[in-house]
Amino acid sequence: MLENKVLKGVLLVGFGATSYGMLATFVKMAYLEGYTTAEVTSSQFILGIIGILLINLFQKNKNKDKVIKASKKNIFHLMLAGTSLGMTSVFYYLAVKYIPVSIGIVLLMQTVWMGVLLEMILEKKIPSTQKIISVVIVLTGTVLATNLINNEVQLDWHGIMWGILAAASFTTTMFTANRVATSISSAQRSLYMLLGGAIVVFSFSIATQTTPFNFEIFLKWGIVLSLFGTIIPPLLMNAGFPLTGIGLGSIVSALELPVSVMMAFFLLNEKVILMQWIGICLIIVAIVIMNLKFKPIKNNSSF
């Protein structure tokens, strides 16, 4: 019975991570059709909020009094946490505007060492040897995955800057999402975090959209972006993580990295050389090492 629950959790987290992995390629394809970052993010969040709202109404009608309602305090904290979710979308989409998707996802994966650093600052505790090794492997993998050694492609510094900022805000999102209002349903948590993120996204759109807003984005790409970016992944991962645990769930969620690179390779014809694949594999290995739990060796010898 326990194994079935874990397997179910692995599948839920896996499908959620795969959905996230597809997202950047769809964004890049929308850019190629002339849509702006403001149009992409706004359509994703508006349709995403509508979708999550409908799911909440369905759950409320189905379960009636069983659904625990979010308090005003819960709502405030979730919306505050959601602002980092909005910043992650804006920063990440700006990054892939300037650099290849395969590089953008590698920069986003810097959350591995950023998470360790944030944990060290907040908990005032030196990271374990296991985590330090993982960070070193991630940084080594990043150098290979971004092809900095050969330096065949000149990476736009704007893209690198936005990518690092996306990783920083995503680290904040992950850190707060697992600690804020965990007693209420994943659909409610997703809704209020999306509302918080929408404040950031709409503010960005108002400030940067200099041309008339192209509402065709809603039908052309908005539905796809909202499904794969704001509806499917948070629901599946919020449902899956309690079944897998943070360690196994984090390992499975690393699927986002190879899926994103393969999508860019096949749909965008982005060039990915062997060295970059080795770097990507190293980052995945680092995530696995960081989340493995090693049992202490027992000394059974008697004197």
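Preceding this paragraph is the structure being described.
Calculation rules
Residues numbered from 1 in each chain as written. Predicted model: local features only at pLDDT ≥ 70, side-chain atom pairs only at ≥ 80, totals over all residues. Heavy atoms only, no water. Helix = DSSP H or I, 4+ residues; strand = E, 2+ residues; numbered from the N terminus. Rg over C-alpha atoms; globule rule 2.2 N^0.38 Å. Core = buried A, V, L, I, M, F, W, Y, C linked by side-chain atoms within 4.5 Å. Buried < 20%, exposed > 50% of the residue type's maximum accessible area, 1.4 Å probe, protein only. Contact = heavy atoms within 4.5 Å. Polar contact = N/O pair within 3.5 Å; in protein donor to acceptor, adjacent residues only side chain to side chain. Phe/Tyr/Trp six-rings, centres within 6.5 Å; stacked < 30°, edge-to-face > 60°. Salt bridge = Lys/Arg side-chain N within 4 Å of Asp/Glu carboxyl O. Axes fitted to C-alpha atoms, helices over the stretch in contact; angles between N-to-C directions. Left-handed = near helix turned anticlockwise from the far one by under 90°. Patch = residues over 30% accessible without salt bridge, like charges linked within 9 Å, V, L, I, M, F, W, Y side chains within 5 Å. Areas by Shrake-Rupley, 256 points an atom, 1.4 Å probe, with all protein chains shown as cover.

Engineer: Lay out the overall build of the protein in plain terms, naming residues and giving numbers.
Structural biologist: The helix and strand inventory of the protein stands at 11 helices and zero strands. Overall, the protein shows an N-to-C arrangement of helices and strands of α-α-α-α-α-α-α-α-α-α-α. Taking 2.2 N^0.38 as the reference for a compact globule, 303 residues should give roughly 19 Å; the C-alpha atoms of the protein span a radius of gyration of 20 Å, in line with that estimate. Once the C-alpha set of the protein is aligned to its principal axes, its extents read approximately 80 × 60 × 35 Å.

Engineer: An account of the nonpolar core is requested, with residue identities and associated values reported.
Structural biologist: Grouped together as the largest cluster of nonpolar side chains are 65 residues, with contacts concentrated most on Val40, Tyr92, Ile105 and Leu257. At nine residues, helix 3 (residues 72–98) tops the list of elements feeding residues into this core. Apart from the residues within four sequence positions on either side, Ile105 is in contact with Tyr92, Glu256, Leu257, Ser260 and Val261.

Engineer: Describe the side chain of Ser102, and please don't skip the residues or the numbers.
Structural biologist: For Ser102, the location among the structural elements is in helix 4 (residues 101–108). What makes Ser102 buried here is its relative accessible area of 4%. Looking at Ser102, its side chain comes within polar contact range of the side chain of Glu270, at 3.1 Å. With near-sequence residues (within four places) excluded, Ser102 lies in contact with Val261, Ala264, Glu270 and Val272.

Engineer: Explain the packing of aromatic side chains residue by residue, including any values.
Structural biologist: What the rule picks out here adds up to eight aromatic pairs. When the ring of Phe26 is compared with that of Phe228, the centres are 5.5 Å apart and the planes differ by 55°; the resulting orientation is tilted. Of this pair, Phe26 sits in helix 1 (residues 2–32) while Phe228 sits in helix 9 (residues 217–253); the two residues are 202 residues apart in sequence, bridging distant segments of the chain. Here Phe26 falls in the buried class, since its relative accessible area comes to 12%. Using a relative accessible area of 22% as the deciding quantity, one classes Phe228 as partly exposed.

Engineer: I'd like a rundown of unusual backbone geometry, residues and numbers included.
Structural biologist: In most cases, non-glycine residues show a negative phi, while peptide bonds are predominantly trans. Phi at Lys124 is positive, roughly 50°, even though this residue is not glycine. Inspection of the secondary structure assignment puts Lys124 in the loop between helix 5 (111–123) and helix 6 (129–145). For Lys124, a relative accessible area of 76% puts it in the exposed group. Here the phi dihedral of Asn269 falls at roughly 60°; this positive angle occurs in a residue that is not glycine. Along the chain, Asn269 turns up in the loop between helix 10 (256–267) and helix 11 (274–291).

Engineer: Just give me the short version of the pattern of salt bridges, but keep the residues and values in it.
Structural biologist: In the structure shown here, the tally under the stated rule is three salt bridges. Notably, a salt bridge pairs Lys131 with Glu119, separated by 2.5 Å at the nearest N-O pair. With a gap of 12 residues between them, Lys131 in helix 6 and Glu119 in helix 5 connect regions that are remote in the sequence. Salt-bridge contacts for Glu123 lead to Lys125; the nearest nitrogen and oxygen are separated by 3.7 Å. Its relative accessible area of 51% is what places Lys125 among the exposed residues.

Engineer: Describe the packing of helix 5 against helix 6, with residues and values.
Structural biologist: In contact at an axis separation of 9 Å, helix 5 and helix 6 are set at 145° when each is read in the N-to-C sense. For the crossing formed where helix 5 meets helix 6, the hand is left-handed. Where helix 5 approaches helix 6, its residues Val112, Trp113, Val116 and Glu119 are matched on the opposing element by Lys131, Val135, Val138 and Leu139.

Engineer: Hey, could you go over a nonpolar patch on the surface for me, with residue numbers and the actual values?
Structural biologist: Among the surface-exposed residues, Ile46, Ile50, Leu53, Leu54, Leu57, Phe202 and Ile206 lie close enough to one another that they form a single nonpolar patch of about 650 Å² accessible area. Counting residues per element, the ones that place at least two in the nonpolar patch are helix 2 (37–63) and helix 8 (186–208). Broken down by element, the residue count for the nonpolar patch peaks at five residues, all from helix 2. One can find Ile206 in helix 8. You can call Ile206 exposed: its relative accessible area is 73%.

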